[in-house]
Amino acid sequence: MFFFGILFDISLIALLLVVIVALVVILSFNTLVSRRNRVANAWAQIDVQLKRRYDLIPKLVDTVKGYMTYEKNLLKDITTLRSSIVAGSVQDKASANNQLSQTLKTLFAVAEKYPDLKAGKEFQELQHEIEVTEDTIAFVRTSYNDYVLDYNNALQMFPTNIFAQLFKFQKADFFKTTEEEKKDVDVNFNDVNNNNNINSNSNNSNNSNNNNNMQSNQSNKNLKKNDQNTKDNTKPKTKQSK
């Protein structure tokens, strides 16, 4: 009887241990899944804002390209970065996003040199929408990185790290920003002025050449007329019959 009592106690302890282990496994697995889903949800919110800005950029380029004659490379860079931001890993998108944000800041800074463009209602609305989108991206990026930090910590902390390896949970990437993106854009407007001066000088030179050509043509006409008059004066006069 005593022997059966010991077996019962051992069985009860073993059962309790199994239950405890099962609870630890379930809780650890659910914790990892929950944090991974938070990361995915936060990334989906970033993706929505990236898509929103993706749709706004063609309208912005169409609006400014009629004014910005000398910033073709800048507009080309914006179009290229727009295309690269919709594909790739989180790190690829983060890198493209940082470059695009910096390029858009440069574009808005250059727009200060074009009063007619800056005063346009369509440009003002697009600038406002893109700036709001940029602020939203920065806000949701902070939330995303917080969730990534919690999730990655769970992958490395005991006991969840055991089950993370067992169930092959993968580490998430941060949506990093750069120090360059945090700085204000410093645009050298001398480049724009130089381009304007070059174009103005070119036009003046063309006008001057046209005037010189017109004067040369007029001079040639006058010379021909003088030669004709000289020939007429040198011709012998015929005597009239009495």
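The structure we're discussing is the one just above.
On a predicted model such as this, the values are computed, not experimentally measured, just so you know.

Observations regarding the environment of Ser 28
Consideration 1: Within the element layout of this structure, Ser 28 appears in helix α1 (residues 2-64).
Consideration 2: In this structure Ser 28 comes out as buried when scored by relative accessible area, which is 5%.
Consideration 3: It is 8.8 Å that separates the C-alpha atoms of Ser 28 and Asn 161, two residues lying 133 residues apart in sequence.
Consideration 4: Ignoring anything within four residues of it in the chain, the contact list for Ser 28 reads Pro 159, Thr 160 and Phe 163.
Consideration 5: A distance of 2.7 Å separates the side chain of Ser 28 from the backbone oxygen of Val 24, its partner in a polar contact.

Structural notes on the packing of helix α2 (residues 72-84) against helix α3 (residues 90-110)
Consideration 1: Packing of α2 against α3 brings their axes to within 9 Å, and their N-to-C directions diverge by 150°. Of the possible angle classes, the one that applies to α2 and α3 is roughly antiparallel. Between α2 and α3 lies a crossing whose hand is left-handed. Taken together, the residues of α3 that come into contact with α2 (itself represented by Leu 74, Leu 75, Asp 77, Ile 78, Leu 81, Arg 82 and Ser 84) are Ala 96, Gln 99, Leu 100, Thr 103, Leu 104, Thr 106, Leu 107 and Val 110.
Consideration 2: By residue class, the composition of the contact of α2 with α3 is nine nonpolar, four polar and two charged.

Side note on the environment of Thr 31
Consideration 1: Looking at the secondary structure, you find Thr 31 in helix α1.
Consideration 2: Along the primary structure Thr 31 and Tyr 151 are separated by 120 residues, whereas in three dimensions their C-alpha atoms are 8.9 Å apart.

Regarding the side chain of Thr 133
Consideration 1: Assignment of secondary structure puts Thr 133 in helix α5 (residues 121-156).
Consideration 2: Engagement of the side chain of Thr 133 in a polar contact is seen with the backbone oxygen of Glu 129, the distance being 2.7 Å.
Consideration 3: Leaving out residues up to four positions away in the same chain, Thr 133 has contacts with Gln 49, Arg 52, Arg 53 and Leu 56.

Comments concerning the pattern of salt bridges
Consideration 1: Taken as a whole, this structure holds six salt bridges when the rule is applied.
Consideration 2: Lys 51 is the salt-bridge partner of Asp 55, the closest N and O atoms lying 3.0 Å from each other. One end of the pair, Asp 55, and the other, Lys 51, are both in helix α1, four residues apart, so they sit about a helical turn from each other.
Consideration 3: Across the pair Lys 118 and Glu 112 runs a salt bridge whose closest N-O atoms are separated by 2.6 Å.
Consideration 4: Of the residues examined, Lys 118 reaches a relative accessible area of 38% and is grouped as partly exposed.

Rules used throughout
- Residues numbered from 1 in each chain as written.
- Predicted model: local features only at pLDDT ≥ 70, side-chain atom pairs only at ≥ 80, totals over all residues.
- Heavy atoms only, no water.
- Helix = DSSP H or I, 4+ residues; strand = E, 2+ residues; numbered from the N terminus.
- Buried < 20%, exposed > 50% of the residue type's maximum accessible area, 1.4 Å probe, protein only.
- Contact = heavy atoms within 4.5 Å.
- Polar contact = N/O pair within 3.5 Å; in protein donor to acceptor, adjacent residues only side chain to side chain.
- Axes fitted to C-alpha atoms, helices over the stretch in contact; angles between N-to-C directions.
- Parallel < 35°, antiparallel > 145°, perpendicular 65-115°, else oblique.
- Left-handed = near helix turned anticlockwise from the far one by under 90°.
- Nonpolar A, V, L, I, M, F, W, Y, C, P; charged D, E, K, R; others polar.
- Salt bridge = Lys/Arg side-chain N within 4 Å of Asp/Glu carboxyl O.

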